[in-house]
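Survey of secondary and tertiary structure
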Amino acid sequence: AAGRRTQDGSVRRVGAGWPVLLLGPSLPGEVDEAIRCGVLATISSRAEAQPFSRAAVRLEATARLHVKVDTGMVRLGIGHREASSAVKAILRLPSVAVEGLFTHFASVEDDVRATAGHLQRLGAVLTPLARARVRSPFTHTSNRGGPLPDPGSLFKTVRPVTLTSGLCPHGP
């Protein structure tokens, strides 16, 4: 995972051939390059998906997107109440693949109740999508400390980011 488009090259050098998830938003001038490089771009709204769709059509490629859902951190992401319908709308855009859905815990190591609330709200997004047969190949919530309070929060992916540089979670 990389925070900014300018960091994905250094991530690729470490893990050549691995997919790179760009956790931060893409600037307008970065969209074409992200698609050309196969970067998994994060979007936080349908409006953010539209430039990826237009560029992917023009480049005859597929924009590979991860949708950030705000489950209570109130920083970035589609609000959890609107997320299911937004994902369905994004999937109707041409040349777009939603390859992941994720949230970010506000304070997983310090507040188990808040983390449970995040998981509950994400579940409320995933359930109607599953009923509509919309599947996210990668659903992820877990940063370095995510698995501590609830191993069920692992889903299919963990974002170790600072853990790989030795910064360990202190636990609940």
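Residues numbered from 1 in each chain as written. Predicted model: local features only at pLDDT ≥ 70, side-chain atom pairs only at ≥ 80, totals over all residues. Heavy atoms only, no water.

Moving on: the pattern of salt bridges. Scanning all chains against the criterion turns up three salt bridges. When the shortest N-O distance is used, the salt bridge between Arg36 and Glu33 registers 3.9 Å. Taken together, the positions of Arg36 and Glu33, both in helix α2 (residues 31-37) and three residues apart, correspond to about one turn of that helix. We classify Arg36 as exposed; its relative accessible area is 53%. (Salt bridge = Lys/Arg side-chain N within 4 Å of Asp/Glu carboxyl O. Helix = DSSP H or I, 4+ residues; strand = E, 2+ residues; numbered from the N terminus. Buried < 20%, exposed > 50% of the residue type's maximum accessible area, 1.4 Å probe, protein only.)

For a regular strand, the rule is simple: side chains alternate between the two faces of the sheet. Taken across its eight residues, strand β3 (residues 63-70) has seven buried, putting it largely inside the fold. In terms of strand pairing, strand β2 (residues 40-43) meets β3 through three bridges, oriented parallel. Paired with Ala41 across the bridge in β3 is Leu65. For the handedness criterion, the β-α-β arrangement of β2, helix α3 (residues 46-59) and β3 is classed as right-handed. Pairing between β3 and strand β5 (residues 96-102): six bridges, direction parallel. From the neighbouring strand, Ala63 faces β5, where its bridge partner is Val96. Looking at chain direction, β3 and strand β4 (residues 78-79) are connected through two bridges and run parallel. Across the sheet, residue Val69 finds its bridge partner in β4, namely Ile78. (Pairing = 2+ DSSP bridges. Right-handed = clockwise from strand over helix to strand, strands pointing away.)

Let us now look at helix α4 (residues 83-91). Within α4, burial applies to Ala83, Ser84, Ala86, Val87, Ala89 and Ile90. Packed against the buried residues of α4 are β2, α3, β3, β4, β5 and α5 (112-131). (Contact = heavy atoms within 4.5 Å.)

One finds Phe52, Leu65, Val67 and Ile90 to be the most contacted residues of the largest nonpolar core, which totals 27 residues. Sorting the residues of this core by element identifies α2, β2, α3, β3, α4, β5 and α5 as the ones contributing at least two each. Those residues in contact with Ile90, other than ones at most four positions away along the chain, are Ile43, Ser45, Arg46, Ala49, Leu65, Val67, Ile78, Val96 and Val98. (Core = buried A, V, L, I, M, F, W, Y, C linked by side-chain atoms within 4.5 Å.)

What follows concerns the confidence of the model for the protein. Confidence in the prediction of the protein, expressed as mean pLDDT, is 79, and 69% of residues score 70 or more. No element of the protein has a lower mean pLDDT than helix α1 (residues 8-14), which averages 53, and none a higher one than α3, which averages 97. Taken as a whole, residues 162-172 scores under 50 in pLDDT and shows 18 contacts with residues more than four places along the chain or in a different chain. (pLDDT = per-residue confidence, 0-100.)

To continue, consider a positive patch on the surface. Positive charge collects at one region of the surface, where Arg46, Lys88, Arg92 and Arg131 lie side by side. Locating Lys88 in the fold gives a position in helix α4. Take Lys88: its relative accessible area is 30%, and that puts it in the partly exposed class. (Patch = residues over 30% accessible without salt bridge, like charges linked within 9 Å, V, L, I, M, F, W, Y side chains within 5 Å. Areas by Shrake-Rupley, 256 points an atom, 1.4 Å probe, with all protein chains shown as cover. Lys, Arg positive; Asp, Glu negative; His and termini not counted. Charge placed at Lys NZ, Arg CZ, Asp CG, Glu CD.)

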